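# Commentary on secondary and tertiary structure
Here is how the chains run, residue by residue.
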Amino acid sequence: MVMSLLYRSTRSADVKVTASQAILKGLAADGGLYVPESIPALDVSLEELAGMDYREVAYEVMKLFITDFTEEELKNCINKAYDSKFDTDEIAPLVNADGAYFLELFHGATIAFKDMALSILPHLLTTSARKNNIKNDIVILTATSGDTGKAALAGFADVKGTKIIVFYPKHGVSPIQEKQMVTQKGDNTYVVGIEGNFDDAQTGVKTMFGDSELAKELDANGFQFSSANSINIGRLVPQVVYYVYAYTRLLANNEIKNGDRINVVVPTGNFGNILAAYYAKNMGLPIAKLICASNENKVLFDFFKTGTYDRNREFVLTSSPSMDILISSNLERLIYRIAGDDANTNKELMDSLKKDGRYTITDDMRAKLEDFYGNYASEAETAEAIKSIYYNTGYVIDTHTAVAASVYKKYVAETSDETKTVIASTASPFKFTRSVMDAIDKAKYDKMTDFELVDELSRIANVAVPQAIEDIRTAPVLHDRVCDKTEMKAVVKDILGIK
Ligand SMILES: *Cc1c(COP(=O)(O)O)cnc(C)c1O
């Protein structure tokens, strides 16, 4: 019998909700993030887990966090998520190359790690709605600069009781990203280009979330909004699973002995993926160092080095765009924890971040960060990592994973630590073909078109072109709606048939 686990807000002491309520709400009303009251310990042995498949491991981990779902409800969610949408039954295979184990988190529908959580979130959400007697259909409203929109569309497509509407800047995403979105299938999916930039799309969506008149009109028509944002606990918990899975695969393959500690390297943006690794460690998984890898937007490297988080700096556009972030939202959950689960201290720091763009933690708090190591890779170092791993081993990694591989090299050079290490591999190289092929041999590949490069990558890496890429070549455009940034609300009402 699992004890029931409640969730608190990182910004006030008096909030207590169930897991399903936290999943439904996303963000606490005080602006804080939901955190478990305590981090549960694994209650089956690592040897037992080593004998289980991905779905079984997922159940053993997630049941400890989502305690108000029945066994049947949770297993249903897991089975609907981790199925043939993934191109391998292993779901998240480990590849041993160049002195590390690459945990490939990109075998889902959109060939990036967001699929690991976004393929299960729709099922967690609809189950949570049922448990809380919500009769309305859930309408997911999202603004995207490219990648999250597609992963959310793929996750929610044809999920009963939901609709998803994605707004993207019509002239602000790559041609491949646009093609991925406008070819999305599913009767409940809607994709709308706006005449405006990403900030306009984001502001429009936020305004609709805060519009109480609109909420009433939706309710009268049997709808309510929800968000698939990366701070939702329903996205964090599924990410804990694959660290437990990775460790137990190493155990099953006799690469480590039970109890041996491993290091984990995570290419980091919003701090969600590495926070999941930290939660896994706190559950009792034998992880030694958590190595946080940044690109040239190295706000986290500076934070780990100095104890000051400072977003006042120039935003750099890099070849690892999913890590181009100056406010790592999920870091707030770590700050809360190292403040001794003290919401007041955390709130003061977050207020300071909002007002001045910076905050400094105390020496006591810094002492609790000793499990973390932060570093960053420049654009040249990132390209060099892709090139050298390819020439040394034949294995081709994407730009985000290359940031992690490069930082791992720096870590080993600094520490001589020989602990076996798992690198989170967050995107397929096919998702960033141009940058990857440029890194390998720019002079040779410069003149090729995007699809010629895809075929060439398939040849040199000896990996079949993923279905997600094949789809872009041939799939028909199913969405062609474009609106002005001022018309977003009218479009939503039109889509939902609200007069
Ligand atoms: C989102 C993303 C990241 C960053 O993950 P966070 O959880 O935001 O730190 C890294 N790589 C890829 C490919 C991503 O899509």
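Residues numbered from 1 in each chain as written. Predicted model: local features only at pLDDT ≥ 70, side-chain atom pairs only at ≥ 80, totals over all residues. Heavy atoms only, no water.

The protein chain is annotated in an unreviewed UniProt entry as Threonine synthase of Eshraghiella crossota DSM 2876. Heading Cofactor (unreviewed entry) of the UniProt record for the protein chain holds this comment: "pyridoxal 5'-phosphate". UniProt, in its Sequence similarities (unreviewed entry) section for the protein chain, records the words "Belongs to the threonine synthase family." (UniProt positions renumbered as here; feature names shortened; annotations may be inferred.)

What follows deals with the packing of helix H20 (residues 450-461) against helix H21 (residues 467-474). Across the interface, H20 lies against H21 with an axial gap of 12 Å and an inter-helix angle of 150°. Classed by the angle they form, the pair H20 and H21 counts as roughly antiparallel. Handedness of the crossing formed by H20 with H21: left-handed. Taking contact as the criterion, the partners of Phe451, Val454 and Asp455 in H20 are, on H21, Ile469, Ile472 and Arg473. (Axes fitted to C-alpha atoms, helices over the stretch in contact; angles between N-to-C directions. Helix = DSSP H or I, 4+ residues; strand = E, 2+ residues; numbered from the N terminus. Parallel < 35°, antiparallel > 145°, perpendicular 65-115°, else oblique. Left-handed = near helix turned anticlockwise from the far one by under 90°. Contact = heavy atoms within 4.5 Å.)

The pairing of strands in a sheet happens through backbone hydrogen bonds and is either parallel or antiparallel. Strand order in this open sheet of six strands is S3-S4-S14-S9-S10-S13, and the pairing throughout is mixed. What marks the edges here is a single partner per strand, and that holds for strand S3 (94-97) and strand S13 (372-376). Across the sheet, the axes of successive neighbouring strands diverge by a mean angle of 25°, strand direction being ignored. In this structure, strand S10 (residues 287-294) lies alongside S13, joined through five bridges in parallel fashion. Bridge assignment links Ser294 to a residue of S13, and that residue is Tyr376. This element, helix H12 (residues 272-282), spans strand S9 (262-267), S10, S13 and strand S14 (421-425) of the sheet and lies at about 175° to S10. (Pairing = 2+ DSSP bridges.)

What follows deals with the UniProt feature "modified residue: N6-(pyridoxal phosphate)lysine" (unreviewed entry) in the protein chain. The sites that UniProt annotates as "modified residue: N6-(pyridoxal phosphate)lysine" (unreviewed entry) are Lys114. Its place among the elements puts Lys114 in helix H5 (residues 114-118). Not counting residues up to four positions away in its chain, the partners in contact with Lys114 are Thr148, Ala151 and Arg235.

Here we come to the sheet that holds strand S15 (residues 481-484). Taken together, the five strands give an open sheet; going across it, the order is S8-S5-S6-S7-S15, and neighbouring strands pair in parallel fashion. Here the strands that pair on one side only, and so sit at the sheet edges, are strand S8 (223-226) and S15. Averaged over all pairs of adjacent strands, the angle between strand axes in this sheet comes to 30°, irrespective of strand direction. Across six bridges, the pairing between strand S6 (residues 162-169) and strand S7 (residues 189-195) is parallel. The residue of S7 that forms the bridge with Tyr168 is Gly193.

Here we take up the site of the ligand. Lys114, Gly269, Asn270, Asn273 and Thr426 are the nearest of the 14 residues found near the ligand. Taking Gly269, its main chain carries an N or O atom lying 2.8 Å from an oxygen atom of the ligand. Ser322 is positioned with one of its side-chain polar atoms (N or O) 3.5 Å from an oxygen atom of the ligand. Across the shell around the ligand, the residue classes break down as five nonpolar, eight polar and one charged. (Near = heavy atom within 4 Å. Polar contact = N/O pair within 3.5 Å; in protein donor to acceptor, adjacent residues only side chain to side chain. Nonpolar A, V, L, I, M, F, W, Y, C, P; charged D, E, K, R; others polar.)

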